[in-house]
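Residue strings, one per chain:
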Amino acid sequence: DAARIHAYLDFKTYFEAPTPAPTPQPSPVPTPVPTPAPAPLPVPRDALELELLASDVDGQSWPSTSGGKSAVLTGVAGAVDLDGIAAVNLRGKGDVARIDGLNIGPSAMPQLTIEMWIYMHSKSGTLGWASGPDEGGGYDRSLILHDPRFPGISACFGGAGWGSGVQMPVQTWTHVVGTWEQNGEVYVYVNGGRYGPHRAHNNEQGDYFLIGNRFQDDGRHNVDMSVAVARVWSRVLTPSEVLPLFQMTVKQEAPPVLLGGADTVE
């Protein structure tokens, strides 16, 4: 009987002994997931001669990220924050951004595209030319925001009387693009929509480019405006290249969807 009792107790002890706790294992180290690089902005780089971003202004210098040139701000032109958007104020007749050595005339650039994001504060003055110079004196290769000789926003083609028919709004950002091909076609784009074509036959320009007026200190053609972006190409951009520039918005963000070409309004 004693042997049976010891056997029973041994059996009971063996099977009722607590199960040893598992040995803790180190947690696996998570594999880092690389952060994807921001999508590149759809800005065509081919033949890009000038790219001015207001966030790059340093005092009176406005360096270009392409083409190796810089703009010089004159008058009281300067960098501002316009509702969270970096911009350059060009509001008085002496306020311009001048880029020496950039000739946009038809001999230097038989093909040309000018792009700007513009905030027109008011329709002050008689005429409102966003760019120049019009050295030839024949309505040459300037972006027109308002001028009674042109129906709406226009791109100078060597004469007057043609435009988009779209009136330049105030107190909001507007995307304006002009394209020229000498003895070919000129188009103007407003917020992604294309207007034209019209025949382009321009005179020569000066050996500089001007933003904010037809000429420096011109009291009749200056615009009460701010500019966030200005670009110049020595070729004609296609509608499928212009539309993404508008879709980037004035904030210069990669658009979520790149759509097809813009409509043309004859």
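Now for a description of the structure that goes with this document. (Residues numbered from 1 in each chain as written. Predicted model: local features only at pLDDT ≥ 70, side-chain atom pairs only at ≥ 80, totals over all residues. Heavy atoms only, no water.)

Examining the overall build of the protein chain
Heads up, the rule is: Secondary structure counts use DSSP, requiring at least four H or I residues in a row for a helix and at least two E residues in a row for a strand, with both numbered from the N terminus. With a 1.4 Å probe rolled over the protein chains alone, any residue whose accessible area is under 20% of its type maximum counts as buried; one over 50% counts as exposed, and the rest are partly exposed. In this analysis, two residues are considered to be in contact whenever any of their non-hydrogen atoms come within 4.5 Å of each other. For accessible areas, the Shrake-Rupley method is used with a probe of radius 1.4 Å. Any residue's cover is judged against the shown protein chains and nothing else.
Each helix and strand in the protein chain was counted, giving two helices and 17 strands. By the burial criterion, 48% of the 266 residues in the protein chain qualify as buried. The contacts of the protein chain with a sequence gap of at least 6 include a subset with a gap of at least 24, amounting to 63%. Counting only carbon and sulfur atoms, one obtains 55% of the accessible surface of the protein chain, whose full area is about 12,900 Å².

Points about the sheet that holds strand E10 (residues 140-146)
The following threshold applies: A pair of strands is considered paired only if DSSP assigns at least 2 bridges between the two.
Here we have three strands laid out as an open sheet, ordered E8-E10-E11, and antiparallel in their pairing. Only two strands of the sheet have a single neighbouring strand rather than two, namely strand E8 (128-129) and strand E11 (154-157). By the bridge criterion, three bridges tie E10 to E11 in an arrangement that is antiparallel. Bridging across to E11, Ile-144 finds its partner in Ser-154.

Notes on the packing of aromatic side chains
Put simply, the test is: Side-chain rings of Phe, Tyr and Trp (the six-membered ring for Trp) are treated as a pair once their centres are within 6.5 Å; stacked means planes under 30 degrees apart, edge-to-face means over 60, and tilted covers the remaining angles. By definition, being over a ring means that NZ of Lys or CZ of Arg is both within 6 Å of the ring centre and within 35 degrees of the ring normal.
This model, assessed by the stated rule, comprises five aromatic pairs. Relative to Phe-150, the ring of Tyr-139 lies with its centre 5.7 Å away and its plane at 70°, an arrangement referred to as edge-to-face. Of the two residues, Tyr-139 sits in the loop between strand E9 (131-132) and E10 while Phe-150 sits in the loop between E10 and E11, which places them 11 residues apart along the sequence. A relative accessible area of 4% means that Phe-150 is categorised as buried. Their ring planes at 80° and their centres at 6.1 Å tell us that Phe-157 and Trp-162 sit as a pair that is edge-to-face. The structure contains a cluster of three or more aromatic residues connected by ring pairs, namely Trp-129, Tyr-139 and Phe-150. The positively charged end of Arg-98 is found above the aromatic ring belonging to Tyr-208, 3.9 Å away from the centroid. Positioned above the aromatic ring of Trp-129 is the side chain of Arg-214, whose terminal nitrogen or guanidinium carbon lies 4.7 Å from the ring centre.

Here we look at the nonpolar core
The cut-off we apply is this: To qualify as a nonpolar core, a set must consist of buried Ala, Val, Leu, Ile, Met, Phe, Trp, Tyr and Cys residues joined through side-chain atoms within 4.5 Å.
Of all hydrophobic cores here, the largest spans 47 residues; its most connected members are Trp-62, Phe-209 and Ile-211. For this core, the element with the most residues is strand E7 (residues 111-122), which contributes five residues. The next biggest cluster of nonpolar side chains, apart from the first, holds 10 residues, and it includes Val-43, Leu-48, Trp-233 and Met-248.

With respect to the sheet that holds E9
On the basis of which strands lie adjacent, the open sheet formed by five strands has the order E2-E3-E6-E15-E9 and antiparallel pairing. Edge positions in the sheet fall to strand E2 (61-63) and E9, since each has one partner strand and no second. By the bridge criterion, two bridges tie strand E3 (residues 70-73) to strand E6 (residues 97-100) in an arrangement that is antiparallel. Its bridge partner lying in E6, Val-72 is registered against Arg-98.

Side note on the pattern of salt bridges
Cut-off, in case you're wondering: Criterion for a salt bridge: a side-chain nitrogen of Lys or Arg within 4 Å of a carboxyl oxygen of Asp or Glu.
If you walk through the whole model with that rule in mind, you get eight salt bridges. For Asp-147, the salt bridge identified is with Arg-149, shortest N-O distance 2.8 Å. Residue classification places Asp-147 among the buried positions, given a relative accessible area of 6%. We classify Arg-149 as partly exposed; its relative accessible area is 32%. Salt bridges sharing partners connect three or more residues here, namely Arg-45, Glu-51, Glu-115 and Arg-231.

Notes on the side chain of Arg-235
Which entries qualify depends on this criterion: Each polar contact in these results corresponds to two N or O atoms within 3.5 Å; when the atoms are within protein, one needs to be able to donate a hydrogen and the other to accept it, and residues that are neighboring in sequence are counted only if both atoms are side-chain atoms.
Relative to the elements of secondary structure, Arg-235 occurs in the loop between strand E16 (224-233) and helix H2 (239-247). Here Asp-46 takes part through its backbone oxygen, which lies 3.0 Å from a polar atom of the side chain of Arg-235. Contact partners of Arg-235, with chain neighbours within four places excluded, come to Pro-44, Asp-46, Ala-47, Gln-111, Leu-112, Thr-113 and Glu-241.

Here we look at the environment of Ser-154
Mapping Ser-154 onto the fold places it in strand E11. In this structure Ser-154 comes out as buried when scored by relative accessible area, which is 0%. The sequence separation of Ser-154 and Val-188 amounts to 34 residues, and the corresponding C-alpha distance is 6.0 Å.

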